[in-house]
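Structural overview for review
Below, each chain spelled out in residue letters.
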Amino acid sequence: MPEGHTLHRLARLHQRRFGGAPVAVSSPQGRFADAAVVDGRVLRRTSVWGKHLFHHYDGGPIVHVHLGLYGAFTEWPREGTVLPEPVGQVRMRIVGADYGTDLRGPTVCEVIDEGQVSGVLAKLGPDPLRNDADPSWAWNRITKSRRPIGALLMDQTVVAGVGNVYRNELLSRHHIDPFRPGRDVGQSEFDAAWSDLVALMKVGLRRGNIVVVRPEHDQGPPSYRAGRPRTYVYRRAGEACRVCGDTIRTTVLEGRNVFWCPTCQK
C-alpha cells in the first residue's frame, strides 16, 4: 500500500499537469459512474490527508481517491488528438492539454462534497506532511492505549499516512520495541520520533523513495528490492542488524508483518 508521501507527490503532480484548466474525466471501466459530474470542469486544486487524495473541481464537486493495496495512477503524454486505448481495468481517466493519467484498482474513487470531506478527515489522525498537523492529537491517543506502539503507528485514526515501511523503520531508529504498549512510550521518545517522522517523510516526498538508513549504516547487504534504498529492519528477517549485528526478527502484528532487532529494540 502506498504511504503518505506517495499521495502528496501525486497531488503535486496532478496540480502541475491538470490544475487551473478544464479536464476530461471518464471511466473506461464503467465503475466510476459519477465521472460525468466532473467531466469538463476546471480542476481548481488538489489536497491530501494521510492516504486520501482529493481533486477539488470548479463548482464544488470533489473526487476522493484512496489507492488501497493495489491502486495506482499511470501517466502518459498526450500526443495529438488520438488518445491511447485504456489498458486493463481503468477506473478513472483524466485527460488534460498535455498529459493524461489512468487510475486502476483503487479502494475508493467517488465524488463527494465538502461536508463529506470533513467526515473523512474527522476519522483521521494528524498527517506529518501537512503544515497543520497537530502531534498532540496522536500523543493523546497513544499515551492512553494499551495497544502496541507498532500497531498504533499503523492506525490511521492515530497518525495518518504511515505505512509498514515507515512504521518499522521509525521504531528501529528510535530503539523502541514494536510490542511496547503505547502508554509506556515516554513524551520525549514520542516527540523525538514525531520530529524524525516528519523529516523522513519530507525526504520521501522530495526524492520519491523512503530513505531511512543513516550514512554511517548505509553499507553491507543490499536493499530488500532492487532500486530501493536500504532499510534497517523492514523485510530483513534473518539478516544481521546493520547497527549491532544481531538477527532481525519478524512476526505478524494485527495483520501486518512487523520487523525488529531484539538487541537494539529491547
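Residues numbered from 1 in each chain as written. Predicted model: local features only at pLDDT ≥ 70, side-chain atom pairs only at ≥ 80, totals over all residues. Heavy atoms only, no water.

This next bit is on the domain arrangement of the protein. Examined at the domain level, the protein breaks down into domain 1 (4-122) and domain 2 (135-260). For domain 1 and domain 2, the distance between their C-alpha centres works out to 30 Å. At the interface, eight residues of domain 1 touch 13 residues of domain 2. Counting the surface lost from both domain 1 and domain 2, the interface buries some 790 Å², and carbon and sulfur atoms represent 65% of this. Of all residues in domain 1, the largest losses of buried area upon contact with domain 2 belong to His5, Arg9 and Lys51, amounting jointly to 63% of the total for that side. Seen at the junction of domain 1 and domain 2, the total is three residue pairs in polar contact (both at pLDDT 80 or more). Of the residues forming the side of domain 1 that touches domain 2, the biggest block, five residues, is contributed by helix α1 (residues 4-18). Along the lines of polarity and charge, the residues of the side of domain 1 that touches domain 2 split into one nonpolar, four polar and three charged. (Domains from an automatic or database assignment. Contact = heavy atoms within 4.5 Å. Buried area = accessible area lost by both parts, 1.4 Å probe. Polar contact = N/O pair within 3.5 Å; in protein donor to acceptor, adjacent residues only side chain to side chain. Helix = DSSP H or I, 4+ residues; strand = E, 2+ residues; numbered from the N terminus. Nonpolar A, V, L, I, M, F, W, Y, C, P; charged D, E, K, R; others polar.)

Oppositely charged side chains are able to pair whenever their charged atoms sit close together. If you walk through the whole model with that rule in mind, you get 10 salt bridges. One salt bridge in this structure joins glutamate 239 and arginine 236, with 3.2 Å as the shortest N-O distance. The exposure class of glutamate 239 is partly exposed, given its relative accessible area of 30%. A network of salt bridges, in which partner residues are shared, links Arg93, Asp102 and Arg104. (Salt bridge = Lys/Arg side-chain N within 4 Å of Asp/Glu carboxyl O. Buried < 20%, exposed > 50% of the residue type's maximum accessible area, 1.4 Å probe, protein only.)

What follows is about the UniProt feature "domain: FPG-type" (unreviewed entry) in the protein. UniProt marks residues 232-266 with the feature "domain: FPG-type" (unreviewed entry), using the numbering shown here. Counted over residues 232-266, helix gives 0% and strand 29%. Its end C-alpha atoms are 15 Å apart. (UniProt positions renumbered as here; feature names shortened; annotations may be inferred.)

Within a beta sheet, neighbouring strands are joined by backbone hydrogen bonds and run either parallel or antiparallel to one another. Here four strands make up an open sheet; going across it, the order is β2-β3-β4-β8 and the pairing antiparallel. The sheet is open, and its two borders are formed by β2 (43-49) and β8 (108-112), each paired with just one other strand. The mean angle between the axes of side-by-side strands here comes to 20 degrees, regardless of whether they run parallel or antiparallel. Sheet topology note: the strand β4 (residues 62-66)/β8 ladder contains five bridges and is antiparallel. The partner of valine 65 across the bridge, within β8, is cysteine 109. Where α1 meets the sheet, its contacts fall on β2 and β3 (52-57), and the angle it forms with β2 comes to roughly 175 degrees. Taken strand by strand, helix α3 (residues 114-121) contacts β2, β3, β4 and β8, and its axis lies near 165 degrees from that of β3. (Pairing = 2+ DSSP bridges. Axes fitted to C-alpha atoms, helices over the stretch in contact; angles between N-to-C directions.)

It is worth spelling out the packing of α1 against helix α7 (residues 187-207) at this point. Interhelical geometry of α1 versus α7 gives an angle of 40 degrees and a closest axis separation of 9 Å. Comparing the axis directions of α1 and α7 gives the class oblique. Our pair here, α1 against α7, has a crossing hand that is right-handed. Along the contact surface, α1 presents Gly4, His5, His8, Arg9 and Arg12, while α7 presents Met201, Gly204, Leu205, Arg206 and Arg207. Residues of the contact of α1 with α7, tallied by class, amount to two nonpolar, four polar and four charged. (Parallel < 35°, antiparallel > 145°, perpendicular 65-115°, else oblique. Left-handed = near helix turned anticlockwise from the far one by under 90°.)

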